[in-house]
Amino acid sequence: MISLRRTHFLSLAALYALGIVYTSLVLGPAGLHYVAISPDQAWQKFMAIRFVHHNADQRADWIANMIMPIPLAYFLNSAFSFGGDKVRNVIGSIFTLVVCVLFILAVKYTQLYFPPRTVTLNYITAQTLGAVLGVGVFWLSHTRLYPTLGALFEDGDGLTIVLGAYSVWLIFYFLTPFDFALGLGDLAGRLLELPGILGSTPGEGHPPAYQLLVTIAEVFSTVPLGMFLAVRGRNRSFIRLAWRAFGLIFFIFILQLFILGASPFLISLIYRMVGIVIGLRFMQALKGKDLRKRHYYFSQYLPLAVPIYIVLVMFVSGLSTSQWGTIDEGVHALTIRQFLPFWNFYIVSKAHATQSFVVEFLVFAPIGVMVWLRRGFWSRGATFSAGLAFTLSM
């Protein structure tokens, strides 16, 4: 199992902190917009920060701000408490909270020089809560999760770890943006919009070919979840595993009914169950088989799969249209902001940004799979995969 040192966690924390600074100061409607004000003016504005009333449509942004510092607090706590006993871990957690709060306040103070940024006690409180949650994740992972994962890895059950991590991530994606209807007004508004959502289909409003591709992505997104259930329930029958999977998918569907901004399509129950059944059947078909021979078997089909995949990437990227503009029109349409990392995620809603991220992930993830089948990962495959993904995205 990969062993991380204190310096690794500090490096991860530094990189993530730089990411927070970038998204908090550089990304914006006008890009990097610095306005010179005196330190006295900035301090007076900072001391005048108050709580403001937020409507229900701003709650998703508040939740996103709460989630943002969780990884930072986790990395810092892991570095400060690395290899320590319980007392040292407690001291490390306290120090982590102090550092996170100071960092949050420093970023919020600096945002006053980069309008129009939202600097309120609402977001400071949200990010502080996120830091507390990050410390909680540290304690949960180091006391319960890591020993379990270590035991699974020692038993040669690394596939369970990978599939489990993906399954947790997928469930979190389904529940994004975690903006549950809390009041009667939220519930009433949600009930009014649900009839139009339940009968819709993923990708509605787009060309039929695009809707078909979205449907395929929806099906295959749950295949690893079915594989995980099959691995964890080796001694259970297919019927029992399928019913357990349906119970999980249906429970997520019920939760989505009460999440503002979520899209609980009725048809998605079928799509997701089809994907889970494929995952269950796939793992049962592999039982007792030599995976190295299967690896060689699938790698033979890569020369045929690569051009098909490239065509699909071009289709998803909108390059299959006949309405191409001129080179001059393309150059004039480009702006510097479009080359800023995560710019396209910033200018849309949190739910739309998450969905776009998942679509991009599903589009480019096969690159890693195909490279792994042909070249392996740890030797040269990782660098080659990253380079090929970058080239296709450009």
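Residues numbered from 1 in each chain as written. Predicted model: local features only at pLDDT ≥ 70, side-chain atom pairs only at ≥ 80, totals over all residues. Heavy atoms only, no water.

### Overview of the overall build of the protein chain
Thinking step 1. Within the protein chain, the secondary structure is distributed over 18 helices and zero strands.
Thinking step 2. Looking at the 394 residues of the protein chain, the share that counts as buried comes to 35%.
Thinking step 3. If you take every contact in the protein chain between residues at least 6 apart in sequence, the share linking residues at least 24 apart comes to 80%. (Helix = DSSP H or I, 4+ residues; strand = E, 2+ residues; numbered from the N terminus. Buried < 20%, exposed > 50% of the residue type's maximum accessible area, 1.4 Å probe, protein only. Contact = heavy atoms within 4.5 Å.)

### As for the packing of aromatic side chains
Thinking step 1. Applying the stated criterion across every chain yields a total of 16 aromatic pairs.
Thinking step 2. Following the ring pairs from residue to residue traces out a cluster consisting of Phe9, Tyr16, Tyr74 and Phe75.
Thinking step 3. Against the face of Phe174 rests Arg272, its NZ or CZ located 3.9 Å from the ring centre.
Thinking step 4. Taking NZ or CZ as reference, Arg281 lies 3.8 Å from the ring centre of Phe238, over its face. (Phe/Tyr/Trp six-rings, centres within 6.5 Å; stacked < 30°, edge-to-face > 60°. Lys NZ or Arg CZ within 6 Å of the ring centre and 35° of its normal.)

### Quick notes on helix α4 (residues 70–80)
Thinking step 1. In terms of burial, α4 is a largely internal element, nine of the 11 residues being buried.
Thinking step 2. Those residues of α4 that fall on the buried side of the exposure criterion are Ile70, Leu72, Ala73, Tyr74, Phe75, Leu76, Asn77, Ser78 and Ala79.

### Regarding the environment of Ile67
Thinking step 1. By the element assignment, Ile67 lies in helix α3 (residues 59–67).
Thinking step 2. Judged by its relative accessible area of 37%, Ile67 falls in the partly exposed class.
Thinking step 3. C-alpha separation for the pair Ile67 and Leu129, spaced 62 residues apart in sequence, amounts to 8.6 Å.

### Digging into a nonpolar patch on the surface
Thinking step 1. A cluster of nonpolar residues, Ile239, Trp243, Phe246, Phe250, Ile254 and Phe258, forms a patch on the protein surface that exposes about 600 Å² of accessible area.
Thinking step 2. Inspection of the secondary structure assignment puts Phe246 in helix α11 (residues 238–257).
Thinking step 3. Taking relative accessible area as the criterion, Phe246 reaches 33% and is therefore assigned partly exposed. (Patch = residues over 30% accessible without salt bridge, like charges linked within 9 Å, V, L, I, M, F, W, Y side chains within 5 Å. Areas by Shrake-Rupley, 256 points an atom, 1.4 Å probe, with all protein chains shown as cover. Salt bridge = Lys/Arg side-chain N within 4 Å of Asp/Glu carboxyl O.)

### Some remarks on the confidence of the model for the protein chain
Thinking step 1. Summary statistics for the protein chain give a mean pLDDT of 80 and a share of 75% for residues scoring 70 or more.
Thinking step 2. For the protein chain, the element scoring lowest by mean pLDDT is helix α18 (residues 381–393), at 58; α11 scores highest, at 93. (pLDDT = per-residue confidence, 0-100.)

### Quick word on the side chain of Thr120
Thinking step 1. For Thr120, the location among the structural elements is in the loop between α5 (86–111) and α6 (121–154).
Thinking step 2. Classification of Thr120 by relative accessible area gives buried; the value is 9%.
Thinking step 3. Setting aside residues up to four positions removed in sequence, Thr120 forms contacts with Ile49, Arg50 and Val52.

### Comments concerning the pattern of salt bridges
Thinking step 1. The full count for this structure, using the stated rule, is two salt bridges.
Thinking step 2. Across the salt bridge formed by Glu218 and Arg272, the nearest N and O atoms sit 3.0 Å from each other. Placement of the pair is Glu218 in helix α9 (residues 208–221) and Arg272 in helix α12 (residues 266–286), with a sequence separation of 54 residues. When sorted by exposure, Glu218 lands in the same class as Arg272, which is buried.

### What about the side chain of Ser24?
Thinking step 1. Within the secondary structure, Ser24 is located in helix α1 (residues 6–26).
Thinking step 2. For Ser24, a relative accessible area of 9% puts it in the buried group.
Thinking step 3. Once residues lying within four places of it in the same chain are set aside, the contact partners of Ser24 are Val107, Gln111 and Arg117.

### Topic: the packing of α1 against α4
Thinking step 1. Put simply, α1 and α4 touch, their axes get as near as 8 Å, and they point 155° apart. Relative to α4, the element α1 lies roughly antiparallel. When you trace α1 past α4, the crossing you get is left-handed. Contact with α1, carried on its side by Arg6, Phe9, Leu10, Leu12, Ala13, Tyr16, Ala17 and Ile20, involves Pro71, Leu72, Tyr74, Phe75, Leu76, Ser78, Ala79 and Phe80 of α4 and no other residues of that element. (Axes fitted to C-alpha atoms, helices over the stretch in contact; angles between N-to-C directions. Parallel < 35°, antiparallel > 145°, perpendicular 65-115°, else oblique. Left-handed = near helix turned anticlockwise from the far one by under 90°.)

### Examining the nonpolar core
Thinking step 1. Grouped together as the largest cluster of nonpolar side chains are 28 residues, with contacts concentrated most on Ile249, Ile276, Leu280 and Met283.
Thinking step 2. Those elements giving two or more residues to this core turn out to be α7 (158–174), α10 (223–232), α11 and α12.
Thinking step 3. Considering every element that reaches this core, the biggest residue donor is α11, with eight residues.
Thinking step 4. Beyond its immediate chain neighbours, meaning those up to four positions away, Ile249 contacts Leu225, Leu269, Arg272, Met273 and Ile276. (Core = buried A, V, L, I, M, F, W, Y, C linked by side-chain atoms within 4.5 Å.)

### Observations regarding the environment of Arg272
Thinking step 1. You can call Arg272 buried: its relative accessible area is 5%.
Thinking step 2. Residues Arg272 and Thr215, 57 residues apart in the sequence, show an inter-C-alpha distance of 9.7 Å.
Thinking step 3. In contact with Arg272, not counting residues within four places along its chain, are Phe174, Glu218, Thr222, Ile249, Ile252 and Gln256.
Thinking step 4. Within the local environment of Arg272, its side chain forms a polar contact with the side chain of Glu218, the two groups lying 3.0 Å apart. (Polar contact = N/O pair within 3.5 Å; in protein donor to acceptor, adjacent residues only side chain to side chain.)

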